[in-house]
Amino acid sequence: MRSNQTNHKERLWIIFFPIFIWFIIVIARLFDVQVLNAEKYKKRQVKQNERVLEVSSERGNIYDRKGRILALTADSYSIYLQNKDIKTSLKILKKVVSKIYFSPDEYKKVKARILRKRSFVWLKRKANEFEKDRVINLGFKNVNVIKEKKRYYPNMRLACHLLGTVSVDNNGIEGIEKEYDKKLKGKNGEILIRRDARQKIYEVHKVKNWQRGDDLTLTIDSVIQYIAQKELKKAVEENRAKRGTVIVLSPFTGEVLAMASYPDFNPNNPRTLTRLRRKNLAIELNYEPGSTFKVVTASSVIDKKKLNLRKLIYCEEGRYNYKGEIFTDHTRFGYLTPKEVIAHSSNIGTMKIALFIKGSEFYQKEKYFGFGKKTGIQLPGEASGVLRAPSRWSGVTQVSMAIGYGIMVTPLQMLLAVNSIATGGYFVLPTIVKNKEGRIRGYRVVSKRTARIVKSFLKAVVKIGTGKIAAIDGFDVAGKTGTARKAINGRYSQKKYYSSFVGFVPADKPVLSIIVVIDEPSADKYYGGEVAAPVFRNIAEQSLRYLKVYPDFLKERKFIFAEKTVKKGEKNAVS
Amino acid sequence: MVRDQGLNIKLFIVVIFLLLVGAIAIYSSSAILSAEVYGYSYYFFIKHLIYLFAGLIIMLFVISSKSEFYKSQGFVYGLLILSIALLMLTLNAPIINGTQRWIRFGGFSFQPSELAKLSVILYLAYYFSQKREIVLKGGSGLLIPGIFVGIIIILIVKQPDIGTASMIVIISGLILFAGGIRIKYILYLISFSLIFLISTILLYDYAIKRVVAMFDYDSDPLGKGFQIVQSLIALGSGGFSGVGLGDSTQKLYYLPYAHTDFIFSVIGEEIGFIATFLIVVSFLVFFVEGMKIARNSKNHQNMLIALGVTTWIIIQALINVSVVIGIFPPKGIPLPFVSYGGSSLVVMLFAVGILIKISMGKTR
């Protein structure tokens, strides 16, 4: 019995010992998890149940110069589905699709997300109130709505390239919306949410309040913008052109009154925003200006006082071999005065004029006129053009440049150069955003005398030269036509042109500077004087009427003014 | 050698302490689930209290009873037959989570396998103390208990509940070992158990998955190992002193079975290492006291009962804690006295009553 008793006690010890060790291991492991490595697990917990969400602020509005609204922010409704099981979700989707519009792509995306068992599926982001009501009235428990801010452009396509557009998350991605994104956006708020394992939110903290963005007033005039877009669209379509652009500038302030490109898009509907359509040609197009550049050539030479205005220039009967290259005119000219050279747009005459100054002098002037660098307008994506330095010129570069080849410009650069003649020799920097001080920045680029002489040339273009179609009853128009062959694969095309017209009106007291560029008109006409000049005329005519700028002879008949009181703001707006 | 040990106060205190901690933790960890499923937050808590009081009454009854009825032939065989009968009822029981473990009485469900554990302990203790010589000799004497226990194990495996079946095998083995059986037979038993275990694991798909989960629970935190990862996150984020009573976030459905199998994790998150350490130490005290009772008991039957009850409760506790701290493959085993357990709690308190009664030394 005794030995048995000890035997039992030994065996109890044998049982006791390993279990005791097990206790020690458990305590050690607990210490490891809860004390030594606690931080690691805490982080994992935060990661799995905490999220910081941004609360988007409300974007500021965008107005035109007269306070008309161009872009605004309003409530919209984003409808989402809690995807609990695929079968019911697909049934719900079917019902929803019967109530509101889904594009085939949208439908596919939503369906794919349901099938992928995502617990949270957007059915429709930023639906309007009507759509929201139709879906909610279906009464599905799994379908809910989050209120979101949506950007609206009430004028649809008006000024679309300028305004640009925003992403779904209300970030500016094009145009002014992008350039002034920070200012317009305000400050996003932040909330911290905690969710349980089923993604249900059980705790919400506001971490940061949101702040509404600032409003922005542009220099654009909606009416002139509308006129420009309408006329541009008409011209591109009638001439079966690829695309086109128009800029309307207030000459002395540099304020852009209208900036249009075609084809355009509807910023309310991002799907219309293709790569081709989104391009704001007015500032993004690099092109060889052709004859419109002769304004710069003439100004440069006259400003150096190297040109005798009475001297006749021999235009070689339309065919000129210069340093082994053949240059031609559209018409055979014999002897022309400098004014006639510009008025009739003789290439050979202009080349000879250009040779009165040195290459370096010409280059200096071109730089003064703002070529080869960005104008600094407050829009994203501006091109700078290409102006090569004299050290990289070949023998014929100077004469090519004189007639607008071998140099790349943007429509806005070209307009600003010609605008310097309108202002009497001042180069005015452009702006598209109204500044409170009304500050105008610019510098003298040519003398008063030069501006006066070149202006008389440009008047002649419209009176007797290539730009007759641009003439407007009752006003003197100054301008220059351009018909530039497009370089295709390094050779100049015989069929593809940039047809352009740039000018200002009224010539002696300019109110509007306008440039029109049409890319590849392919109906029967292609001369700038035939394709672009009428666009200039139509826009100028309608805009002058809208701005209540009347021909001088009408002003003397007092009853017109007695009838209408001109608002101070309107008058200031353009002068 | 005969000595009156009196009421083992340490054992009594740790059990009451664990029951108290359990009741609080059950309310904390089940309130949200209760409110969502039953509309009020006390559902599980009140049900638990009903079981708890039923268990305490039985325990006090056993302690205060004059006779040692749990040692009598009638009681031991009666309980054994009842267990087998109830286990057979589970063959027709409704399937819950793919298993048939519960039978229902009115609003309460009962798990016969819990009762089976106690009846096996009492039966083996009785049998070996009566037929001591046969046991020491080994051989055919082991056949009768082998058949009874075998039937119970097979019925439990049918449910299927491999965990409980393994527990019964282990406890039986420990009782045989302590009962003085020759080492040779222990080795037979071990090899037989291993063959049995492997074949059942291969037969039941879910068991394989659990074994696999043991090795790679972290590589697929949203799959099989999800529970364990969430359990470790709960314990770790509780840290030394916890996030505060009632403030567990892991119980928000990150931890499945928060008030049953993973209650230890919720306690660890809310009250921290302080609480988990105290709980483990409490079980250690229970273990040491239980083994002392076994060692000091005056006769063979008492010794085997005390050893069986103590190792049953302690191994179950250690497995539960080892699972939630990630050093043991996931098993659906509740933490004794602490988890919401229902019938398991009642049976365990019955067993504790017997243990205390034995410790009081009024054995003759």
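This text follows the structure it describes.
From a predicted model like this one, the values you see are computed outputs, not experimental measurements.

A. Region of the structure containing the overall build of chain B. Across its full length, chain B carries 14 helices and two strands. Across the 364 residues of chain B, 59% fall into the buried class. When contacts within chain B are restricted to residue pairs at least 6 apart in sequence, those whose partners lie at least 24 apart make up 73%.

B. The arrangement of the sheet that holds strand S9 (residues 243-250) of chain A in detail. Residues and elements named next belong to chain A. Read across the sheet, five strands follow the order S10-S9-S19-S18-S17 without closing on themselves; strand pairing throughout is antiparallel. The open sheet terminates on both sides in strands that have one partner only, identified here as strand S10 (255-262) and strand S17 (478-488). Taking the axes of each pair of neighbouring strands and ignoring which way they run, one obtains an average angle of 10° across the sheet. Packed onto the sheet, helix H17 (residues 411-422) meets S9, strand S18 (491-505) and strand S19 (512-519) and runs at close to 145° relative to S19.

C. Layout of the environment of Ile114(A). The residue Ile114(A) is located in helix H4 (residues 104-115) in this model. Those residues within four positions of Ile114(A) in sequence are excluded, and the remaining contacts are Leu81(A), Asn83(A), Ile86(A), Ser89(A), Leu90(A), Leu93(A) and Val121(A).

D. Main features of the nonpolar core. Within the largest apolar cluster, 129 residues are counted, with the highest numbers of intra-cluster contacts made by Phe264(B), Phe286(B), Trp312(B) and Phe337(B). Ranked by the residues each element gives to this core, the list is headed by helix H13 (residues 300-324) of chain B, at 16 residues. Ignoring sequence-local partners within four residues, the contact set of Phe286(B) consists of Leu11(B), Val14(B), Val15(B), Thr310(B), Ile313(B), Ile314(B), Phe337(B), Val352(B) and Leu355(B). Counting residues in each nonpolar core, the second largest holds 85 residues, with Leu158(A), Ile247(A), Met401(A) and Ile403(A) among its members.

E. Representation of unusual backbone geometry within the structure. Residues and elements named next belong to chain A. Going from Tyr262 to Pro263, the amide bond is cis rather than trans, its omega being 5°. Tracing the sequence through the fold places Pro263 in the loop between S10 and helix H10 (275-278). Residue Pro506 is reached from Val505 by a cis peptide bond, and omega for that bond is -15°. Inspection of the secondary structure puts Pro506 in the loop between S18 and S19. Notably, Ala159 is not glycine yet its phi reads approximately 60°, a positive angle. Tracing the backbone shows Ala159 in the loop between strand S5 (143-152) and helix H6 (160-163). Positive phi, close to 55°, is recorded for Glu520, a residue that is not glycine. Turning to its location among the elements, Glu520 is positioned in the loop between S19 and helix H19 (528-531). Residue Glu520 is classed as buried on the basis of its relative accessible area of 16%.

The rules behind each value
Residues numbered from 1 in each chain as written. Chains lettered and ligands numbered in written order. Predicted model: local features only at pLDDT ≥ 70, side-chain atom pairs only at ≥ 80, totals over all residues. Heavy atoms only, no water. Helix = DSSP H or I, 4+ residues; strand = E, 2+ residues; numbered from the N terminus. Buried < 20%, exposed > 50% of the residue type's maximum accessible area, 1.4 Å probe, protein only. Contact = heavy atoms within 4.5 Å. Pairing = 2+ DSSP bridges. Axes fitted to C-alpha atoms, helices over the stretch in contact; angles between N-to-C directions. Core = buried A, V, L, I, M, F, W, Y, C linked by side-chain atoms within 4.5 Å.

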